[in-house]
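# Structural features, examined
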Amino acid sequence: MQIDKLLIDFRNARDWGQHHTGPELARSLMIEAAELNRIFQWPLMERPIDETALADELADIAIYTRYLCQKYGINLDAAIIAKVDKNAEKYPING
Ligand SMILES: [Mg+2]
């Protein structure tokens, strides 16, 4: 996939692969999720959401998610589909 190649090339050009252990990638993902949460801090204050910052943090989360998927050979699209199936079983539609 083109995005995965972009990410690998970016990392390899900086020799950062040595830092991309599973725990470090997971920790970085959590840090980026916290940065996302920061955007929505104090929701009662009337201020517009910084959409550029929101996009940046979502991209950071996606980047670390993809690095983790690459590291452990996970097809993210297939994993999402499988998880939605599990969720559908766990939370059936009441009707
Ligand atoms: Mg960030």
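Residues numbered from 1 in each chain as written. Predicted model: local features only at pLDDT ≥ 70, side-chain atom pairs only at ≥ 80, totals over all residues.

## Quick notes on the overall build of the chain
Of the regular secondary structure elements, the chain holds four helices and zero strands. Reading the secondary structure of the chain in the N-to-C direction produces α-α-α-α. On C-alpha atoms alone, the chain measures out to a radius of gyration of 17 Å, which is more than a quarter above the 12 Å that the 2.2 N^0.38 rule sets for 95 residues. Expressed as lengths along the three principal axes of its C-alpha atoms, the size of the chain is roughly 50 × 40 × 25 Å. Buried residues in the chain amount to 4% of all 95 residues. Of all intrachain contacts in the chain linking residues separated by at least 6 positions in sequence, the fraction that spans at least 24 positions is 67%. (Helix = DSSP H or I, 4+ residues; strand = E, 2+ residues; numbered from the N terminus. Rg over C-alpha atoms; globule rule 2.2 N^0.38 Å. Buried ≥ 20, exposed ≤ 12 C-beta atoms within 10 Å, placed from the backbone. Contact = placed C-beta atoms within 7 Å.)

## A look at unusual backbone geometry
Non-glycine residue D15 carries a positive phi angle of around 55°. On the neighbour-count criterion, D15 (8 C-beta atoms within 10 Å) is exposed.

## A look at the packing of helix α1 (residues 2–13) against helix α3 (residues 51–72)
In contact at an axis separation of 11 Å, α1 and α3 are set at 90° when each is read in the N-to-C sense. As the angle between them shows, α1 and α3 are arranged roughly perpendicular. For the pair α1 and α3, contact is made by I3, D4 and L7 and by I63, R66, Y67 and Q70, respectively. Per-class residue counts for the contact of α1 with α3 are four nonpolar, one polar and two charged. (Axes fitted to C-alpha atoms, helices over the stretch in contact; angles between N-to-C directions. Parallel < 35°, antiparallel > 145°, perpendicular 65-115°, else oblique. Nonpolar A, V, L, I, M, F, W, Y, C, P; charged D, E, K, R; others polar.)

## Focus on the environment of Y91
For Y91, the location among the structural elements is in the segment after α4 (76–90). What makes Y91 exposed here is the crowd of 8 C-beta atoms within 10 Å. For the pair Y91 and K71, spaced 20 residues apart in sequence, the C-alpha separation works out to 31 Å.

## Overview of α4
When the terminal C-alpha atoms of α4 are compared, their 21 Å separation across 15 residues agrees well with the 21 Å that a helix rising 1.5 Å per residue should span. Summarising burial for α4: zero of the 15 residues are buried, a small minority. (Expected span 1.5 Å × (residues − 1).)

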